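Here is how the chains run, residue by residue.
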Amino acid sequence: MMKMIEKPVISPNFTIEDIHKIREYNHMVTKDLSFEERRKYYSDGATEFEKIIVSERQKISKNT
């Protein structure tokens, strides 16, 4: 079962510290998950990100 912990606040400049925060967050969320639960966690995140990319590309193509 995935633990609910507060998501890190990312700075507008996206620094190396932000990367450390994200990695720590992902570790804390997934450290007690089974292999299948971790696979689903990362797969779901990737799917959501792909949807964002498609949406942004469609916005760009409409403006050109």
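This is a predicted model, so every value here is computed, not measured.

Within the fold, Asp18 resides in helix α1 (residues 16–30). The exposure class assigned to Asp18 is buried, which follows from its relative accessible area of 1%. Setting aside residues no more than four positions away along its own chain, Asp18 makes contact with Val9, Ile10 and Ser11.

Glancing now at the side chain of Thr30. As for its position among the elements, Thr30 is in helix α1. Only 2.7 Å separates the side chain of Thr30 from the backbone oxygen of Asn26, close enough to count as a polar contact.

Before going further, it helps to examine the pattern of salt bridges. According to the stated counting rule, one finds 4 salt bridges in the structure shown. Residue Arg39 pairs with Glu36 through a salt bridge whose shortest N-O separation is 3.0 Å. You can see Arg39 and its partner Glu36 sitting in helix α2 (residues 35–63), 3 residues apart, about one turn around the helix. Look at Arg39 and you get partly exposed, because its relative accessible area is 43%. On the accessibility criterion, Glu36 (45% relative accessible area) is partly exposed. In this structure, Asp44 engages Lys40 in a salt bridge whose closest nitrogen and oxygen atoms are separated by 2.6 Å. Here Asp44 and its partner Lys40 are both found in helix α2, 4 residues apart, which amounts to about one turn of the helix. Taking relative accessible area as the criterion, Asp44 reaches 40% and is therefore assigned partly exposed.

Cut-offs and rules
Residues numbered from 1 in each chain as written. Predicted model: local features only at pLDDT ≥ 70, side-chain atom pairs only at ≥ 80, totals over all residues. Heavy atoms only, no water. Helix = DSSP H or I, 4+ residues; strand = E, 2+ residues; numbered from the N terminus. Buried < 20%, exposed > 50% of the residue type's maximum accessible area, 1.4 Å probe, protein only. Contact = heavy atoms within 4.5 Å. Polar contact = N/O pair within 3.5 Å; in protein donor to acceptor, adjacent residues only side chain to side chain. Salt bridge = Lys/Arg side-chain N within 4 Å of Asp/Glu carboxyl O.

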